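What follows is each chain in one-letter form.
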Amino acid sequence: MLRYIGQRFLQYLLIIFIANSLTFLLPRIIPGDPIQEALQTKAAAAGHQNVDIQAWVAEYNAKFGLDQPLWKQYLNYWGNMLRLDFGYSLFDFPATVMSKITAAIPWTLGFMTMAIIIAFVVGTILGALLAWPNSPRFLQGAVPLLMVISAIPFYLFGLALIFIFGVELHILPTGGGADPTLIMRWDWNTLGNILQHAILPAFALVLYGIGSWALGMRATLVTVLGEDYITFAQAKGLPDRQVFTRYGVRNALLPQVTGLAISFGLILGSGVLIESIFNYPGIGSLIFAAINSKDYFVINGTVAIMVFTASTALLIVDLIYPLIDPRIRFGK
Amino acid sequence: MASQKRGLLRDPRINPSLIFGVVVIILMILVGIVGPMLLNEKLARVGAVEPNMPPSAQNVFGTDSQGRDVFTTLIMAIPPTLRVGVIAGVISVSLGLALGLIAGFFGGWADSLIRTFSDVLMAIPSLAFMILVVARMDRPNILVVAVIVGFLTWSGTARGIRSMVLSIRERSYTAVARANGETEVEVLFREVMPNLLPLMLASFIGAVTMGIYTVMALEVLGLGSNVIPTLGMMIFWSQRFSAVLRGMYWWWSPPIVVIALIFIGLFFLSFGLDRFINPAIPIKRGRSRIKLPTQPTAPDTAIDPRDAIMEVRNLRVVYETPAGLVKAVDDVSFSLRPGERMGLIGESGSGKTTMATAMMRLSRPPAYVAGGRVLLEGRDLFNIPDRELNKLRLKEIALMPQAAMNSLNPVVRVGPQFKDAIVAHLGRLPDNQLNEMVAQALTKVGLKPDVARNFPHQLSGGMKQRVVMAIATILNPKVIIADEPTSALDVVVQQQVMQTLGRLQKELAAAVILIGHDMGLITQFADTIGVLYAGKLVERGDVQTVLDNPLHPYSRLLIDSLPTLDGKHDLVGIPGLPPELLHLPNGCAFHPRCPFAMERCRTETPVLQTPLAGRQVSCHLYPEHTQLPPLTIGIDSSSAVIEVASSMGA
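Please read these numbers as outputs of a predicted model, since none were measured by experiment.

1. Structural notes on the sheet that holds strand E3 (residues 341–345) of chain B
Residues and elements named next belong to chain B. An order of E6-E7-E8-E3-E9-E10-E12-E11 is seen for the eight strands of this open sheet, with the pairing classed as mixed. Edge positions in the sheet fall to strand E6 (397–400) and strand E11 (609–612), since each has one partner strand and no second. Averaged over all pairs of adjacent strands, the angle between their axes in this sheet comes to 20°, without regard to strand direction. One ladder, built from five bridges, connects strand E7 (residues 479–483) with strand E8 (residues 511–516); its direction is parallel. When the sheet's bridge partners are listed, Ile480 is paired in E8 with Val512. Contacts from helix H19 (residues 553–560) reach E3, strand E9 (528–533) and strand E10 (536–542) within the one sheet, and its direction differs from that of E9 by about 110°.

In structure tokens form, the structure reads like this:
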């Protein structure tokens, strides 16, 4: 057991090391000068057309260590990474990248967690019902529908949802995380307002998520129900329901739970599009704004955090897997 | 298989999902090719038409805020969008194929290196990574982006190809090819490649989807090229000019519909392709009973039903396959006395396991009970409600399934798997009483009581088999069906397991049906035997009389193939191969292999008859003869094959 953890941990360190090195290296071999572009954009935005951009760029490069040799930059990169220091926003200068990220993270975590959990629970139950031989026939008609839903890029639902509920019906806000006039306090009013704003973006994710969780659960469960231990359970004279839940669902849940853990690992990255569609003040909108203002340090820091959380989540999945699957718990 | 030469379109694996996906994608490609030829390309340029106009006769889908005709832009946007996907797909699949083949064929450090790298790629959220890379570019070029997506997404293909190469290399025909002196590379191209095609096609579709998805996502985020209209850029532009909020539905909704169609088409396509990669996915579910046209059947009274604990009458089980109905168990009748040890012997594919599961009413699609009755103390198991049947299972009639290795729930400890069975039949009992029962049952089969606390994977094969025996006998059933309880066990353990089974049978005074292909093992254990051939019971009688005086030519050959202790006679095999159930010979199914075959055997199916007291046989030699004539035709033992490797319907 300890050896397993140890091995996984070393493997994980290697993966995270290579992944982050790629994150450092690949953008630097792509031609382009983000600082210059950012400063040009900034200058244009401020109405200065003829400033000496080159001098300004050189000053910035020196300030952020971008004029140093690559290996030195690489070491700095790791140093900054370990201190969670991604420098300053180019566009919004005095603000640090980290302060922007920490301001955005709670929003993303809040509505994404809600959406993931609802989609997982509903989708898994639906998928289990679809695989149950005794479930009503009409449920089977839901399969093509679920396939359609899980095929469409989910942020497109967002546009349709805004149009239907926000523009046409006027019953839900069309974007943002809360009313601009709202004074944030710990009270029901604030909470209600925030929830109201989270409904539509979460709904788009839930719709898509239900489709893919249900299809996944159905496929696994159909395979599990063909296993010999199901036949033997039936031969023991157990009621169908018990065979289905204790022998079928219990085994089919393992890959579902793994999938759930992985979705939590990707939580920061997978909401990017839906947030930018809804102008929701999370990580997604942060990166969207940074892209469109060429704020490269913000992009860099945000992506680094995403890569870091995703690879960490993979490790955690590996480590918690033995808790839910006894076959691994006791070694091979 | 003889039925391989069929048109592609009649391949049973062709399914509605696949057809739907192909149709949608072909439609999109056609629109993408033909559309731009028919339309005036200039209308898709900024400022070509008056902006913000709702749909009209002139602009069918209206115009956008930058003065483009939405319909023209939409059609023009399809080809670049698809092209991006194809580029990503080609690169991803070529890389995946090359690296997968290298990993699969060479193994060793090349394999570990490739695996590590693919682990790394899987740990990187690809969209986030692409944002980082593309944001560096002065002017994003979607083709370059597509190339990078291709480089990021090969790992799934490589893994699939690698494991397929490994499994194909294990298969016998590759070994045969190698024995013929072909080199690895020749084998690769001649034998392995055709098997990889469906997988590669599915990977290609996957990578195309990923490519279009990623590029579109980047475009929606503002990392697209403002020059060429693509579907993603249309969404981005409509977002930038708040088309949704301004109620310009004609602008943002058409690209959404087209995007949705493309992704739906790709999704259904890959879903449908799955049938080619995993043909084992069940086609139909539910339990129904197929009625076969009536056929000559042995009379109901073929067996004296007096003091029988169980009777099987005219049992028929069929498999519904794309190639047609396969009669796996055909009109089998026999009865079982209380406490009788019956051996049921037959080659693989003779319907033994299919019959065992059917007797418990556990047949699963594609197997269906097509007729007959199984009477347990007079109750017809096929005609009682599920609830009542569940009460009889285990308590009256128990099954030890063939695959004892996989018959225990892998995520539940052994103890609870006894207890749920006890509780289902006897109701909630106090914990200590349950534990006591489990401990006793385990002791009876020669296991320590603390095995109850283990998970199945912690037990050896022999121990699992014993656990299954202990569960099957815990409620003292009157009939036990033991389906090859010793398969997959080594000889020493086989002997122990058979002894345990014998002891249990004596203690419980239960009737046992022991199913197997090992004549020696079965005759040692059984009082009576039944011989199955191609789904039919061809002979039935006491073990000793059958051994001394077999009536059916097949039984005779089976017995001759047994080694004797004194080793005086030559071992003789049975000429020919077991029949294919899909293409059974007319008349008696055994006639092509039978040394006594007559003209009548080729045309007329024999029925079970009783030529001697207590003996049944289904053969045209009777009742003219009273015993099997001496074998006159020499049998070439070198051509003899007794197939035992795989078992149909297992």
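Let us keep going from here.
2. Remarks on the packing of helix H10 (residues 240–265) of chain A against helix H13 (residues 414–426) of chain B
Look at H10(A) against H13(B): their axes get within 13 Å of each other, and the N-to-C directions meet at 170°. Judged by the inter-axis angle, H10(A) sits roughly antiparallel to H13(B). Along the contact surface, H10(A) presents A:Gln242, A:Arg246 and A:Tyr247, while H13(B) presents B:Pro416, B:Gln417 and B:Asp420. The residue inventory of the contact of H10(A) with H13(B), partitioned by class, reads two nonpolar, two polar and two charged.

3. Thoughts on the packing of helix H1 (residues 2–29) of chain A against helix H4 (residues 126–136) of chain B
Between H1(A) and H4(B), the shortest axis-to-axis distance is 8 Å and the interhelical angle comes to 25°. As summarised for this structure, H1(A) and H4(B) are arranged roughly parallel, according to the angle between their axes. Handedness of the crossing formed by H1(A) with H4(B): right-handed. Where H1(A) abuts H4(B), its residues A:Leu22, A:Thr23, A:Leu26, A:Pro27 and A:Arg28 lie against B:Phe129, B:Leu132, B:Val133 and B:Arg136. Classifying every residue of the contact of H1(A) with H4(B) by side-chain character gives six nonpolar, one polar and two charged.

4. Things to note about the domain arrangement of chain B
All names here are of chain B. The domain boundaries assigned to chain B delineate domain 1 (20–277), domain 2 (305–548) and domain 3 (549–650). Between domain 2 and domain 3, the residue contacts involve 33 residues of the former and 31 residues of the latter. The contact between domain 2 and domain 3 buries some 2,700 Å² in all, and 60% of this surface belongs to carbon and sulfur atoms. Viewed at the interface, domain 3 and domain 2 are joined by two salt bridges. Taken together, the links from domain 2 to domain 3 amount to ten residue pairs in polar contact (both at pLDDT 80 or more). Mapped by element, the contributors of at least two residues to the side of domain 2 that touches domain 3 are strand E2 (324–336), helix H11 (352–359), helix H17 (519–525), E9, E10 and helix H18 (543–548). By residue class, the composition of the side of domain 2 that touches domain 3 is 15 nonpolar, twelve polar and six charged.

Rules used throughout
Residues numbered from 1 in each chain as written. Chains lettered and ligands numbered in written order. Predicted model: local features only at pLDDT ≥ 70, side-chain atom pairs only at ≥ 80, totals over all residues. Heavy atoms only, no water. Pairing = 2+ DSSP bridges. Helix = DSSP H or I, 4+ residues; strand = E, 2+ residues; numbered from the N terminus. Axes fitted to C-alpha atoms, helices over the stretch in contact; angles between N-to-C directions. Contact = heavy atoms within 4.5 Å. Parallel < 35°, antiparallel > 145°, perpendicular 65-115°, else oblique. Nonpolar A, V, L, I, M, F, W, Y, C, P; charged D, E, K, R; others polar. Left-handed = near helix turned anticlockwise from the far one by under 90°. Domains from an automatic or database assignment. Buried area = accessible area lost by both parts, 1.4 Å probe. Salt bridge = Lys/Arg side-chain N within 4 Å of Asp/Glu carboxyl O. Polar contact = N/O pair within 3.5 Å; in protein donor to acceptor, adjacent residues only side chain to side chain.

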